[in-house]
Amino acid sequence: MRQKKDDGPFDGAERVAANGLLHRRLFLSGGTLAAGAAALGGLGTATPAAAQGVFPDWRLKPGKSFTGYGVPSRFEEPVQRTFTARAPSYPSPGAGSSRTPLHLLEGIITPSGLHFERSHSGVPDIDPEKHTLLVHGLVRQPLLFDVESLARYPTVSRIHFIECSGNSGAGWGVNPPVGPVATMHGLVSCSEWSGVPLSYLLDEAGIDPAAKWILAEGSDAAGMSRSVPLSKCVDDAMIALYQNGERVRPEQGYPMRLLLPGWEGNMCVKWLSRIKLTKGPTHTKDETSKYTELMPDGKSLQFTFPMEVKSTITRPSEGINMRGPGFYEISGFAWSGNGKIKRVDVSADGGKSWAEAALAEPVASRALTRFRLGWQWDGGEIILQSRAVDETGAVQPTREALIAAKGIKNAYHYNGITSWEVRASGLVKNVWA
Ligand SMILES: Nc1nc2c(c(=O)[nH]1)N[C@H]1C(S)=C(S)[C@@H](COP(=O)(O)O)O[C@H]1N2
Ligand SMILES: [Mo]
């Protein structure tokens, strides 16, 4: 419903839901709105220094010379992965994770140096000359590849997220902890991955008709290994050699990792060294001790592979506070392991009314998708939420609905709606609504 109000420079921007959410057309048409700029004239102190004949240092002498590998501006140093360092005496050295500061990023690609890390025994220092990938088991002809021989196969590039199945796991529990986006959802990242479709290698090895699964194993100290249905392997699985245009980072599995688009991160075996075709799942230590979902009736779901539809607002969010009433862009990520994001709705009244956000191109399958929506904040206390729908029609559930269906004993696959409370002071806090 169109609501007439004096919005100053935003007069005519159509409000489509309660609490100031504006029509997504503003963003689809690329309309520009001066939101935070200081008005010149009234503000003498804001007059550019150059106009007064005063130049900053960087205008007065040549800048630094060339470097072999660039790094972000020193002013961007606070943009870091977050993690809790463990004491050297910790019984499983190298086990743990670091999280992507999603709220400090834009677009959909995670810079490689900020991709989340999850390792069970640290990051091995692999010499690519000495690394091989064995394809064996129920095949006509076992094959051994080195990095060079893999690089001679036709290569594909795809944008996909990887998400730890424990991501957002704080949402389970009676009084879950709260925190910024990185703490809540920082175990998901998105890259352009390039490599060889696994189906090419399986075709060449010759699949025995009895084979229905594979075992994928890494060459780290954990020897992480998981069973994967063959159907996924011949569908869209990839042996990734490149990440965002450069070789896969050591933390992400250098020199090669298995990429199973949209499926649990733990199955995307890093430092991949062996693929064995089998009749059924191998029930490795990693898939019997972890990665099952404990239901309220005491039974567990096993092999729940795709990551369900999810989203979160990243701006504003905890740590990204408001700077007074006025126009803002609400922005965030949505993703689904089951395909493309079809729609994201945003609420500024705790889920009572919703407005459809604009989705930024590209909207790729099983990739982070950026959504944006204009918002005229009147300075009042409100709760912001986002709700994603994927192309299968799956809708991101409320926390209440998710817990009603799955209980609170589960440790994986949490995809409930996230709520951000905006206080009148401008402070933004993660809350459970
Ligand atoms: N070999 C090996 N592969 C592994 C792991 C590991 O510890 N060893 N961790 C898994 C888990 S639990 C996740 S969530 C993803 C994390 O990938 P990333 O560190 O590149 O973000 O890698 C998976 N692959
Ligand atoms: Mo994980």
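Residues numbered from 1 in each chain as written. Chains lettered and ligands numbered in written order. Predicted model: local features only at pLDDT ≥ 70, side-chain atom pairs only at ≥ 80, totals over all residues. Heavy atoms only, no water.

## Examining the overall build of the protein
Looking only at helices and strands, the protein features 8 helices and 23 strands. In terms of C-alpha radius of gyration, the protein reaches 24 Å, essentially the compact-globule figure of 22 Å for 433 residues. Oriented by its inertia axes, the alpha-carbon framework of the protein measures out at about 75 × 65 × 45 Å. Looking at the protein as a whole, 48% of its 433 residues qualify as buried. Restricting the contact set of the protein to residue pairs at least 6 apart, pairs at least 24 apart contribute 73%. Roughly 20400 Å² of accessible area belongs to the protein as shown, and the carbon and sulfur atoms make up 54% of that amount. Computed over 47 positive and 43 negative side-chain charges, the separation of the two mean positions in the protein equals 1 Å. (Helix = DSSP H or I, 4+ residues; strand = E, 2+ residues; numbered from the N terminus. Rg over C-alpha atoms; globule rule 2.2 N^0.38 Å. Buried < 20%, exposed > 50% of the residue type's maximum accessible area, 1.4 Å probe, protein only. Contact = heavy atoms within 4.5 Å. Areas by Shrake-Rupley, 256 points an atom, 1.4 Å probe, with all protein chains shown as cover. Lys, Arg positive; Asp, Glu negative; His and termini not counted. Charge placed at Lys NZ, Arg CZ, Asp CG, Glu CD.)

## Digging into unusual backbone geometry
The omega torsion across tyrosine 254 and proline 255 is 5 degrees, close enough to zero to call that bond cis. Following the sequence through the fold, proline 255 ends up in the loop between strand 10 (246–247) and strand 11 (257–259). Of note, the bond from arginine 315 into proline 316 is cis; its omega dihedral lies within 30 degrees of zero at 0 degrees. With respect to the element layout, proline 316 can be found in the loop between strand 15 (310–315) and strand 16 (326–335). Positive phi, close to 55 degrees, is recorded for asparagine 244, a residue that is not glycine. By the secondary structure assignment, asparagine 244 is in the loop between strand 9 (238–243) and strand 10.

## Some points on the site of ligand 1
Around ligand 1, a shell composed of 20 residues is seen, among which Phe116, His120, Asp220, Arg257 and Lys270 lie nearest. Phenylalanine 116 places a polar main-chain atom, nitrogen or oxygen, 2.6 Å from an oxygen atom of ligand 1. Within the backbone of arginine 118, an N or O atom sits 3.0 Å from an oxygen atom of ligand 1. Relative to its free-state accessible area of 530 Å², ligand 1 is covered by the protein chains to the extent of 100%. It is strand 2 (residues 117–119) that provides the largest number of residues to the shell around ligand 1, a total of 3 residues. Counted by class, the shell around ligand 1 contains 7 nonpolar, 7 polar and 6 charged residues. (Near = heavy atom within 4 Å. Polar contact = N/O pair within 3.5 Å; in protein donor to acceptor, adjacent residues only side chain to side chain. Nonpolar A, V, L, I, M, F, W, Y, C, P; charged D, E, K, R; others polar.)

## Quick look at the sheet that holds strand 18 (residues 355–356)
Hydrogen bonds between backbone atoms are what pair the strands of a sheet, whose relative direction is either parallel or antiparallel. Strand order in the open sheet formed by 5 strands is 18-17-21-22-23, and the pairing between neighbours is antiparallel. Either end of the sheet is taken by a strand with one partner, and the two such strands are strand 18 and strand 23 (428–431). Pairing of strand 17 (residues 341–347) with strand 21 (residues 382–390) involves 6 bridges; the strand directions are antiparallel. The residue bridging isoleucine 341 from the neighbouring strand is aspartate 390, located in strand 21. (Pairing = 2+ DSSP bridges.)

## Observations regarding the pairing of strand 3 (residues 132–137)
Pairing of strand 3 with strand 4 (residues 143–146) involves 4 bridges; the strand directions are antiparallel. Note on strand 4: the bridge partner recorded for leucine 134 is leucine 144. The hairpin turn running from strand 3 into strand 4, its antiparallel successor, is 5 residues long. As defined by bridge partners, strand 3 adjoins strand 12 (residues 272–278) across 4 bridges and the pair is classed as parallel. Counterpart to valine 135 in the pairing with strand 12 is isoleucine 275.

## Brief notes about the domain arrangement of the protein
Domain assignment breaks the protein into domain 1 (1–33 + 292–433) and domain 2 (132–285). Just the C-alpha atoms count here: the centres of domain 1 and domain 2 sit 30 Å apart. Both sides together, the interface formed by domain 1 and domain 2 hides about 2900 Å², and carbon and sulfur atoms give 66% of it. The three residues of domain 1 that bury the most area against domain 2 are Phe305, Arg366 and Trp432, which together make up 23% of that side's buried surface. (Domains from an automatic or database assignment. Buried area = accessible area lost by both parts, 1.4 Å probe.)

## A few points about the pattern of salt bridges
Here the structure, examined in full by the defined rule, presents 23 salt bridges. Among the ionic pairs, glutamate 14 bridges to arginine 25, the shortest N-O distance being 3.3 Å. One end of the pair, glutamate 14, is in the segment before helix 1 (25–28); the other, arginine 25, is in helix 1, and 11 residues separate them in sequence. (Salt bridge = Lys/Arg side-chain N within 4 Å of Asp/Glu carboxyl O.)

## Points about helix 5 (residues 198–205)
When helix 5 is considered as a whole, its buried residues turn out to be Leu198, Ser199, Leu201, Leu202 and Ala205. One side of helix 5 holds all its buried residues, which, seen down the axis, span an arc of 160 degrees. Positive phi shows up at glycine 206, right after helix 5, with a value of about 85 degrees. (Arc of directions from axis to C-beta.)

## Quick look at the side chain of serine 347
Counting through the fold element by element, serine 347 comes out in strand 17. Judged by its relative accessible area of 0%, serine 347 falls in the buried class. Of the polar contacts made by the side chain of serine 347, one reaches the side chain of aspartate 349; its length is 2.8 Å. At 2.9 Å, the side chain of serine 347 and the backbone oxygen of serine 353 are in polar contact.

## Focus on the nonpolar core
The biggest cluster of nonpolar side chains holds 38 residues, and the ones touching the most others in it are Leu21, Trp375 and Leu384. For this core, the secondary structure elements donating two or more residues are strand 6 (188–197), strand 16, strand 17, strand 20 (369–377), strand 21 and strand 22 (419–422). Each of domain 1 (1–33 + 292–433) and domain 2 (132–285) gives at least three residues to this core. In terms of nonpolar packing, the next biggest core, distinct from the first, is built from 35 residues, Ala237, Met256, Leu272 and Leu277 among them. (Core = buried A, V, L, I, M, F, W, Y, C linked by side-chain atoms within 4.5 Å.)

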